[in-house]
Amino acid sequence: MRIEHYLDELAAEAIMKASGVAAPALLRRAKDPSFGDYQINGVMPLAKIAGKPPRELARSIAENLASQEAISRAEVAGPGFINLHLSLDWICKQLRSMGADAKRDGVPLVEKADKIVVDFSSPNIAKQMHVGHLRSTIIGDALIRLLRFVGHEVIGDNHLGDWGTQFGLLIVGMRRFGSRDELKRNPIEELGRIYKLANAAAKQDEAVADQARLELAKLQAGDGENREIWKSFLETSRVELERIYGRLGVSFDTWLGESFYQDMLDDVVADLVKRGIAREDGGAVCVFFDDISELAALKTPLIVQKKDGAFLYATTDIATALYRRDHLLANRVLYVVDQRQSLHFRQLFAVMAKLGVTMRLEHIGFGSVLGTDNKPLKTREGNLISLSELLDRAEERAAERMRCEGLNLSAQQISDLAPIVGIGAIKYVDLQQNRLSDYQFDWDKMISFKGNSGPYLQYAHARIQAVFRKGGIEPKSLMTDTPLYIEHDTEIALAKQLICFADTIHQAAETSYPHLICDHLYSLARLFSSFYEQCPVLKAEPKQRTTRLLLSSIVSRQIKRGLALLGIEAPNRM
Ligand code: ARG
């Protein structure tokens, strides 16, 4: 059950009874638990509307709430806040029903399911895929898992950058500097190398630039040989990308790259012009946003066709959005793309609104990944680190860390765990903070078994599993129909955190902020740690033992489920 949701509704009903007004309760989790568990902030604004003294109003709302089963005490504080204390019996009831729900751990489905396209990863195959695309891949994958779990229908789409002017350069570059063998062996790196060389050559020599334009035009016109080369770029890159996605445990439902939409672009532009949304300006076709003040102020139109007739990134995105509406039947699209593209998406969404598109379009932006020197992440040689190298290194570091931690694992176990812990750590560090902030990539913090890290949570989960193994107890066999007793402070604090699980999952899904789940899991692991230090579990009195075992088992299930929703495995032994 969504506790916060439920309490919010109770409070709104109480408000209605006391004032006759339908007003939001503005219920929040209390910051300081000594004042209560939840706080109602909606009375003061309501009192103004109702023309009643706020404290008096608050008192009658509080009285009503205090008679509810869920609430043991409701107190008026300050000018008209209400502090709610949850009843321990009611909390235990919630725990029992969570414990009994192995399938969903008490997380309900959404009332109304959307059909959502998640546009994520989407590297440009001509340029090296870098950590920015890794962020998109990790965040997008977590969102897909999360949205599916709460009941939405989701299509994960890799909108590859597989078309555009760079292919003219690449074709010229391939003929001049390329190696077919290398392209097969290391396609992404080879394409990156060719691109760099061709780009430099074109800058120095106008003839090379002309040649590139010519090859591009030939490719676009369907020239057999150029299509062939382009296809080989695509196919070889795809093999390597699949390898990386495989290591990350990420998959896509569709790979509809930019090239897929090229035939539709003529019509898109013609339609925009016909409807008066776009117009010619100095030979190019542009959308101006004179009617949208915050975009107009930027004085940057959106170009949909260049003077030379070429279409752009934005043109493709318009066609793509229409396709998603008309053929994928989506009513929501999430674009998991670097925050630096935010203007592009604001303009795109404005154009879609002008076209009468009512799908909910959201830019799920994220910040940059920096090295500990606050500059973009580099290898020792000074090049941008490649993704497969990054994953290799994470696994090596994880193995090294496990050896140092003295975890009582065999060499074989360590090598089996290394990818789970290493890749889990990479994912977790990315998901653990607000996606909009930049973050420093710090190997030591990332692979640490302390602090808010992937390995710390995996370890916490494995430790609980070890308790059950030691006691010879099968967690599934725990009785959820016997009465529970939570008495000790650490038990109560832990239980109150546990019952927030469903709210957290739904909030993370609604806002596309996976870090909310990380926050919950980290708090949980820490609360469990203090509980476990102070309360014996296996050696407890029978009455307490049942409660404590159930608490432990739900903690372990929430960590496992929470990590799984983030795309991270939680092994049973570590
Ligand atoms: N290929 C683009 C890039 O690497 C990202 C594409 C994101 N998706 C989209 N529909 N624009 O910058």
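Scroll up to find the structure this text is about.
Residues numbered from 1 in each chain as written. Predicted model: local features only at pLDDT ≥ 70, side-chain atom pairs only at ≥ 80, totals over all residues. Heavy atoms only, no water.

Asker: I'm lost on unusual backbone geometry in this one. Help?
Answerer: Most peptide bonds take the trans configuration, and most residues that are not glycine carry a negative phi. Not every positive phi belongs to a glycine, and L26 is a case in point at roughly 50°. Considering the arrangement of structural elements, one finds L26 in the loop between α1 (3–19) and β1 (27–29). With phi around 70°, S121 is a residue other than glycine that occupies positive phi space. Locating S121 in the fold gives a position in the loop between β5 (115–119) and α5 (131–149). (Helix = DSSP H or I, 4+ residues; strand = E, 2+ residues; numbered from the N terminus.)

Asker: Please clarify how the environment of V304 should be interpreted in this entry.
Answerer: When you line up the elements, V304 lands in strand β9 (residues 302–305). Given the relative accessible area of 0%, V304 is considered buried. Along the primary structure V304 and L88 are separated by 216 residues, whereas in three dimensions their C-alpha atoms are 61 Å apart. What V304 contacts, discounting residues up to four positions off in sequence, is V269, L272, V285, V287, A310, F311, L312, T315 and I318. (Buried < 20%, exposed > 50% of the residue type's maximum accessible area, 1.4 Å probe, protein only. Contact = heavy atoms within 4.5 Å.)

Asker: Help me understand the sheet that holds strand β11 (residues 360–364) in this model?
Answerer: The pairing of strands in a sheet happens through backbone hydrogen bonds and is either parallel or antiparallel. Strand order in the open sheet made by the four strands is β6-β5-β10-β11, with parallel pairing throughout. Each of the sheet's edge strands pairs with one partner strand only, and the pair in question is β6 (153–157) and β11. For this sheet, the mean angle separating the axes of adjacent strands, direction not counted, is 15°. Set on the sheet, helix α13 (residues 313–326) makes contact with β5, β6 and β10 (332–336); between it and β10 the angle comes to about 140°. (Pairing = 2+ DSSP bridges. Axes fitted to C-alpha atoms, helices over the stretch in contact; angles between N-to-C directions.)

Asker: Please explain α1 as it appears in this structure.
Answerer: With 17 residues, α1 should cover 24 Å at 1.5 Å per step; its first-to-last C-alpha distance of 24 Å lies within 8% of that length. Among the residues of α1, I3, E4, L7, L10, A11, A14, I15 and S19 are the ones counted as buried. The arc enclosing the buried residues of α1, seen along the axis, measures out at 145°, which places them on a common side. Of the residues one or two after α1, G20 is the one with positive phi, at around 75°. (Expected span 1.5 Å × (residues − 1). Arc of directions from axis to C-beta.)

Asker: Is there a simple way to think about a negative patch on the surface in this case?
Answerer: Residues D8, E9, E13 and E111 make up a contiguous surface patch of negative charge. Mapped onto the elements, D8 comes out in helix α1. When its relative accessible area of 31% is taken as the criterion, D8 is described as partly exposed. (Patch = residues over 30% accessible without salt bridge, like charges linked within 9 Å, V, L, I, M, F, W, Y side chains within 5 Å. Areas by Shrake-Rupley, 256 points an atom, 1.4 Å probe, with all protein chains shown as cover. Salt bridge = Lys/Arg side-chain N within 4 Å of Asp/Glu carboxyl O. Lys, Arg positive; Asp, Glu negative; His and termini not counted. Charge placed at Lys NZ, Arg CZ, Asp CG, Glu CD.)

Asker: So what exactly am I meant to see when it comes to the sheet that holds β9 here?
Answerer: In spatial order, the strands read β7-β8-β9; together these three strands make up an open sheet with antiparallel pairing. A strand with exactly one partner marks an edge of an open sheet, and here the two such strands are β7 (278–281) and β9. Here the average twist between neighbouring strands, direction ignored, is 40°. One ladder, built from four bridges, connects β7 with strand β8 (residues 284–287); its direction is antiparallel. By the bridge assignment, E280 is partnered in β8 with V285. Sheet strands touched by helix α11 (residues 265–274): β7, β8 and β9. Its angle to β9, the strand with the most contacts, is close to 125°.

Asker: Please explain the nonpolar core as it appears in this structure.
Answerer: Nonpolar side chains in soluble globular proteins tend to end up buried together. One finds L65 and M402 to be the most contacted residues of the largest nonpolar core, which totals 153 residues. Ignoring anything within four residues of it in the chain, the contact list for L65 reads L10, A11, A14, I40, I71, A74 and L84. L256, A278, V333 and M352 belong to the second largest nonpolar core, which has 36 residues in total. (Core = buried A, V, L, I, M, F, W, Y, C linked by side-chain atoms within 4.5 Å.)

Asker: Help me out: how do you make sense of the pattern of salt bridges in this one?
Answerer: When the charged atoms of two side chains with opposite charge come close together, those side chains can pair. What the rule picks out here adds up to 36 salt bridges. With its nearest N and O atoms 2.7 Å apart, the salt bridge here joins E69 to K93. Here K93 lies in helix α4 (residues 88–100) and E69 lies in the loop between α3 (54–66) and β3 (71–77), a separation of 24 residues in the sequence. Using a relative accessible area of 48% as the deciding quantity, one classes E69 as partly exposed.

Asker: When you look at the pairing of β5 in this model, what are you seeing that I'm missing?
Answerer: Regular strands have side chains that alternate between both faces of the sheet. For β5, the tally of buried residues reaches four of five residues, placing the bulk of the element in the interior. Direction of pairing for β5 relative to β6: parallel, over a ladder of five bridges. Among the inter-strand pairings, I116 is bridged to a residue of β6, identified as V154. As judged from the four bridges shared by β5 and β10, these two strands associate in the parallel manner. The partner of V117 across the bridge, within β10, is V333.

Function cannot be inferred from these measures alone, as they are strictly geometric.
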